[in-house]
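Below, each chain spelled out in residue letters.
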Amino acid sequence: MSLSPGRYAWPAIGPVQRFFRWLESSISHRITAAALVLTLAVSLAIGSVSFLMSRGLIENRISQELASEAELAGRQMEFALNTLVVDLSGLASNAMLGNSFADSLGRDAYLAPFLRDYSAPIGVDTTLTLYDFLGRPIAGTAEKPRSYERAPWLAQVIDGGRAHSEIVRGADGRHRLVMARPVVYPSTGLIEGALVMETHLDDAFIKATSFLKSDLGRCLKDERGETLVQAGPLQHDDLVTVTHPIEFSSLLLPYQLRIEISGERARILAPLYRTAYAYAGFAIFILPVVVWSSRKIGERLTVGLSQLSAAAGSVSAGNNEDIPLPVSGRDEVARLTAAFNTMIGKIRESHRELERRVVERTVKLHAINSALEREILGRRRTEEQLRVAANAIESAAEGIIICDLDQKIVSVNRAFTAITGYQPEDVLGQTPEILCSEEQTPAGLIDTARTVRAQGHWKGELWSRKKSGENYLEERSVSSIQDGRGTITNFVIVFSDITKHKKDEQHLAFLAHHDLLTHLPNRTFFQQKCEEALQRAVRHKAQCAVMFIDLDHFKIINDSLGHAAGDELLRGVAGRLQKSVRKTDTVARFGGDEFAVLLDDIREAEDAAFVAGKILERLSASFLVSGHEIYVSASLGISCFPLDGQDALALIKNSDAAMYVAKDHGGNNYRFFSAEMHSMALEALMMASSLRLAIERSEFFLDYQPRFDLRSGRTTGVEALVRWRHPDRGTVMPGQFIGIAEKTGLIERLGEWVVESACAQMMAWRAAGTAPPRMAVNLSARQFKQPDLIERISSILKATGLEAGALELELTESMVMQDPQRAAVTLERLKQMGVSIAIDDFGTGYSSLNYLKRFPIDYIKIDQSFVRGVPMDAEDAGITRAIIAIGKTLGLKLIAEGIETTEQLKFLEDAGCDEGQGFLISRPLAPEKIGEFMQCESRS
Amino acid sequence: MSTRALLAHFVFLVGLLPLGGMAYASDTKAPVYIGLDAEFSHRTSTSPLAIRTGILIAIEEINRRGGVLGGRPLRLVERDNRAVPTRAAENLKELAAMRDLVAVLCGKFSPTVFESLALIHEHKLILLNPWAAADGLVDNGYSPNYVFRLSLRDSWAVPVMLEYAYRRGAARIGVVLPNTRWGESNDLALDKYLARAKQFTLVGKRWFNYGDKTIGAKYRSLINDGAEMAVFVGNEGDGAALVRDLATMPKDRRVSIISHWGITGGNLLDLAGGALGEADLSVVQTYTFLGAARPKAKQVSQAAQRLLGLASAREIPSPVGVAHAYDLIHILSRAIDLAGTTDRAAIRDALERVKDYDGLIKFYKQPFTPERHEALEIGDVFIARYAADGALEKIKQGSK
């Protein structure tokens with residue numbers, strides 16, 4: 001190529017070409033280039049690997065942090081809103097609100113300050129407004145309260161007595177949570193208005209997330225994903241976002257909200273980028289140094305070589321005047337130069353000859369060699385292929401059939417025989433139809449054949465028959481085989497027996513959806529079926545009902561007869577439930593002794609009542625379980641769609657609540673869900689919270705019921721009975737709060753307080769000289785299970801100074817029977833301390849006498865349900881006599897509860913009962929009255 | 001809506017229903033309506049029942065004599081205001097719109113009338129007040145004034161109560177008042193009276209809200225501050241709470257209670273039970289059937305017993321309600337005939353001109369005049385006490 005301008009304009013050489021030329025031109029250049037490339041590659045590799053790893057780590061770490069922040073924000077939000085709801089219910093039920101309907105003067109004087117005094121959790125801004133029966137605001141904290149005159153939802157709150165909550169988007173685009181509770185006018189007991197609490201979700205949300213760093217975006221979305229509140233920087237596209245769901249108790253707020261927290265990726269990664277830039281800067285700084293130093297090294301290495309190469313260059317250009325080259329020194333370059341000189345001479349001589357010969361021979365050799373190699377390779381390959389193919393076919397796990405064009409079988413493999421039972425000789429020459437089961441139609445086969453001819457392939461599942469006649473499910477693929485010209489020569493059928501696989505699959509699916517014990521659908525499956533039924537019901541404008549069924553006292557049966565018997569009983573119950581409903585209905589077991597029934601497509605709620613009655617009746621017949629005849633009953637709760645809930649979850653929850661009401665009414669009955677149950681649940685919730693406060697505010701006090709020796713009439717002791725002085729409801733009896741205290745665990749603190757106060761009271765009476773001989777205190781089930789019960793009791797005794805002999809602990813039968821072994825140990829230790837033990841409400845449970853005999857018991861209390869009936873009711877009289885006889889046989893003393901008439905007293909005395917308590921003798925009294933009482937007795 | 005409230009919304013066909021289904025010639029002519037808006041669904045208030053009884057007896061008598069306006073029968077229309085002022089306002093609006101409705105009687109709750117005063121005058125609705133005692137209901141500043149009262153007023157109740165206390169030897173007085181317009185009205189009357197009557201020392205005023213749980217504590221705090229007698233202004237529910245609380249106190253720590261008559265608008269014996277016997281409780285009244293000597297007393301008492309299915313005059317609930325309503329209806333019927341029309345403005349004017357009505361409570365020379373819309377006077381007010389059967393007996397003059 002010429003660089004001089006000529007007739008043609010040669011393209012100027014590009015920088016790349018120039019660079020390559022430059023590279024080729026010198027080893028020293030190449031060394032320089034290599035060093036440069038190597039340096040670049042290494043730094044790039046290290047840099048990018050560490051960059052990527054750090055970025056991954058940082059992102060991971062940040063999203064974890066964001067997730068925990070989101071969870072925390074979610075909790076705050078949950079706390080804030082749940083508290084608002086509970087507070088609202090509390091405020092709405094305050095008598096002051098109801099009474100304020102009476103008069104506007106009073107209302108303005110006391111109600112406005114009362115409402116203004118309310119401070120919401122975490123400082124959320126709320127407005128409280130009281131509306132009259134027409135939805136007009138009459139008092140509240142807002143400067144300009146909204147009027148809800150003729151708002152249908154408020155009318156529903158006031159006329160229907162239902163609580164209401166909704167999220168409303170205001171004209172300003174802000175979302176408010178609007179909650180309303182009916183307010184009852186105490187004078188008439190009628191609902192006269194509603195208390196409405198409104199709060200801006202953005203305010204609540206911003207306060208709930210105020211702890212977050214300001215550069216984090218935050219967002220509150222509803223269940224449809226619509227944004228309710230958005231705050232913080234969110235403009236950027238590239239965000240790291242985490243989501244956390246907030247679930248409210250559906251009793252309180254029917255919402256599921258989500259919190260999203262996001263950070264700008266660039267901002268999060270900024271420190272990393274700074275490091276990376278520093279690194280890159282360093283690399284750029286170091287490169288010229290590398291280039292310069294490698295260049296220097298290269299040049300020094302190649303001084304001699306450059307000379308040689310210059311000479312060689314001139315030789316090749318036909319320029320020999322510089323040769324021989326001067327030789328200086330003794331190093332490799334010097335020797336090379338000498339040899340170069342000699343070589344150049346010889347080369348020139350032999351060059352032409354050699355070149356000719358070499359070319360000739362090389363060509364020949366190449367031809368022969370490659371022919372030979374091709375031959376050998378070809379043969380080897382074919383052999384190998386055939387061998388592999390035959391092996392593959394023969395040892396394949398799938399059955400393989402090869403047919404000719406007429407579909408006659410020409411070959412089968414071992415797996416074929418293993419699967420079908422046919423030997424090759426049985427089938428060769430036959431068509432694959434020999435495997436057909438009756439379930440295959442000839443038409444189906446023809447379709448298959450047609451597909452294979454047309455598309456070259458067919459795949460599917462079909463039922464085939466083995467030689468033994470057994471049917472099996474086959475996964476079959478049929479392909480055509482073509483020769484090189486594309487003509488079909490054969491068909492090959494590959495198949496496997498998937499019967500077992502299919503069964504396993506089906507079994508697994510069954511397991512996932514059914515209860516193993518009863519084979520009934522489980523909760524998940526039931527819910528799914530419910531949802532389907534609801535969709536059908538919506539389409540056909542029909543109703544359906546969900547029943548929640550819980551066996552009464554199942555635990556006692558389980559505890560006394562063992563789990564195997566319990567399981568057997570549950571299977572029996574499952575069977576009877578299924579027989580009580582239609583085929584189209586669904587019976588499910590939720591676990592334990594909880595069952596549910598879905599009544600699909602009913603005409604009216606009465607139908608559900610009919611089925612409930614039928615179920616109760618069927619269950620009332622005895623069950624024979626491990627040789628025992630057992631009677632059970634159940635409590636049923638019913639909720640109907642669409643009245644009592646809009647989805648399966650709500651219906652199940654509400655039927656559950658209704659079931660609890662049925663159970664509270666003594667079991668063996670059914671209840672429909674009603675809106676009051678909703679408020680009852682709310683009530684229980686509030687009761688639990690005021691119970692917690694009650695302990696802190698010491699609102700509990702004890703009354704004491706004297707107990708007498710039936711013969712001498714002397715006081716033998718008192719039983720401590722706890723009462724609650726509720727600020728709004730007056731004195732609340734234990735029946736109304738012990739259950740809740742037990743459920744919430746508050747009973748442990750309360751129980752301990754009772755024991756302590758009772759013991760202290762004994763000491764106070766003693767100081768006054770008016771103490772009864774013995775103090776009986778009821779222990780709760782939870783207290784009895786406390787591992788350190790003994791230590792607690794003995795430390796109370798020590799602290800108060802009461803001797804153990806004066807303390808009697810009352811336990812119920814069921815508490816002891818829950819874990820008889822453990823109970824025996826606990827009772828024994830109490831006994832050693834000197835505390836006496838009484839068994840309360842004896843005869844109402846399922847105690848085994850055998851156990852009773854082994855427990856160190858001192859007293860048996862005869863339950864007042866038996867005492868009430870004596871002497872008129874023959875059954876009660878019989879049971880009472882029997883209990884007394886048992887007690888006497890075991891050497892125990894007997895105490896009768898609830899003696900109200902002289903006839904009862906006489907009967908008990910005659911029957912041999914030792915002691916008694918009841919209204920006839922004395923009602924529970926305040927401590928000072930007991931003092932007076934004892935004084936009277938000692939005087940008389 | 002409760003059954004009671006439904007019943008209360010029912011229009012009673014007076015001539016036919018309560019008194020044995022006797023038919024009168026006047027039944028065929030278009031009736032003239034009288035409304036009653038009272039707290040029928042209130043759980044403990046007996047005053048609506050008493051007022052209704054008085055109205056029905058009077059209407060029956062009038063219809064038997066041939067009705068008003070030349071043979072038109074009177075009929076009663078009832079509305080339940082549940083003791084809620086906003087409901088009362090809605091009811092009054094509805095009643096005012098009724099053709100041939102001439103007047104409305106109210107129940108015992110002053111606030112339910114107070115908050116409708118503007119509405120009453122706007123609709124020219126005659127409000128006959130047989131019970132509610134707040135002064136401001138009649139002294140309302142409207143002219144012409146559509147509110148007429150045949151009842152007690154607070155500015156009479158206060159002096160009568162305090163003078164009785166003084167006769168009993170109590171000069172140090174404590175007062176318990178409800179936090180309502182009625183309480184406010186009594187407070188004003190009290191301040192006005194005490195400014196004149198220097199023999200009294202006011203040890204304190206305690207305000208309570210309806211249903212207040214601390215009412216007993218308020219009473220005790222007055223005693224602690226040295227009160228020798230407690231004046232109570234309130235209704236039966238709060239009164240019963242006070243009496244029950246009093247019964248738990250040691251006898252030597254209690255002081256007597258003199259009560260405004262709100263507590264007689266309900267059955268205090270039912271509410272307070274045995275505790276009522278424990279309290280030294282006196283109450284302001286304007287009428288009792290027991291020992292009443294006027295000729296009409298026996299006739300009305302018997303009609304009331306028949307209507308309510310009672311065995312004795314002692315059982316008639318809230319007798320003042322029966323008596324006031326009875327006299328008011330008779331005065332109204334005279335005014336209707338005087339006006340000669342059902343036009344309410346004309347009847348209002350006529351009410352101020354009715355003369356010489358020989359009523360159940362007394363002979364009214366001229367019950368109402370343009371200057372005076374109170375048919376009773378302070379001299380009609382007396383002190384009564386609960387007998388063991390819950391009946392109210394007038395105390396003898398000079399007795400303690």
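All figures in this text were calculated on a predicted structure; none of them were measured in a lab.

Student: Where do I start with the sheet that holds strand β7 (residues 227–231) of chain A in this structure?
Tutor: Two modes of strand pairing occur in sheets, parallel and antiparallel, and in both the strands are linked by backbone hydrogen bonds. All names here are of chain A. In space, the 4 strands of this open sheet follow the order β7-β6-β9-β8, with antiparallel pairing throughout. Whereas interior strands pair on both sides, the edge strands pair on one side only; in this sheet they are β7 and β8 (239–247). Along the sheet, successive strands turn relative to each other by an average axial angle of 15 degrees, direction set aside. Pairing geometry for β8 and strand β9 (residues 256–264), over 9 bridges, is antiparallel. Note that in β9 the partner of P245 across the bridge is R258. Sitting on the sheet, helix α6 (residues 201–208) is in contact with β6 (217–221), β7 and β9, with an inclination near 45 degrees to β7. Packing of helix α7 (residues 265–301) onto the sheet brings it into contact with β8 and β9, and relative to β9 it is tilted by some 40 degrees.

Student: Where do I start with the packing of aromatic side chains in this structure?
Tutor: Each aromatic ring pair is described using two quantities: the centre-to-centre distance and the angle formed by the ring planes. Counted under the stated rule, the structure contains 24 aromatic pairs over all chains. Pairing F101 of chain A with Y185 of chain A gives two aromatic rings, centres 6.4 Å apart and planes at 90 degrees, and the pair type is edge-to-face. Separated by 84 residues along the polypeptide, F101 of chain A in the loop between α3 (95–99) and α4 (104–116) and Y185 of chain A in strand β4 (residues 175–185) bring together distant segments of the chain. Looking at Y185 of chain A, the relative accessible area reads 0%, which means it is buried. Aromatic side chains Y131 of chain A and Y148 of chain A sit 5.2 Å apart centroid to centroid with 45 degrees between the ring planes, which places their arrangement in the tilted category. Of this pair, Y131 of chain A sits in strand β1 (residues 126–131) while Y148 of chain A is found in the loop between β2 (137–140) and α5 (152–160), placing the two residues 17 residues apart along the sequence. A relative accessible area of 0% places Y131 of chain A in the buried class. Assessed through its relative accessible area of 11%, Y148 of chain A is described here as buried. Ring-pair connections join several aromatic residues into one group, and the members of that group are F700, W724, F737 and W753 of chain A. Looking at R725 of chain A, its charged tip hangs above the ring of F701 of chain A, at a distance of 4.3 Å from the centre. Sitting over the face of the ring of F133 of chain A, R87 of chain B holds its NZ or CZ atom 3.7 Å from the ring centroid.

What counts, and at which threshold
Residues numbered from 1 in each chain as written. Chains lettered and ligands numbered in written order. Predicted model: local features only at pLDDT ≥ 70, side-chain atom pairs only at ≥ 80, totals over all residues. Heavy atoms only, no water. Pairing = 2+ DSSP bridges. Helix = DSSP H or I, 4+ residues; strand = E, 2+ residues; numbered from the N terminus. Axes fitted to C-alpha atoms, helices over the stretch in contact; angles between N-to-C directions. Contact = heavy atoms within 4.5 Å. Phe/Tyr/Trp six-rings, centres within 6.5 Å; stacked < 30°, edge-to-face > 60°. Buried < 20%, exposed > 50% of the residue type's maximum accessible area, 1.4 Å probe, protein only. Lys NZ or Arg CZ within 6 Å of the ring centre and 35° of its normal.

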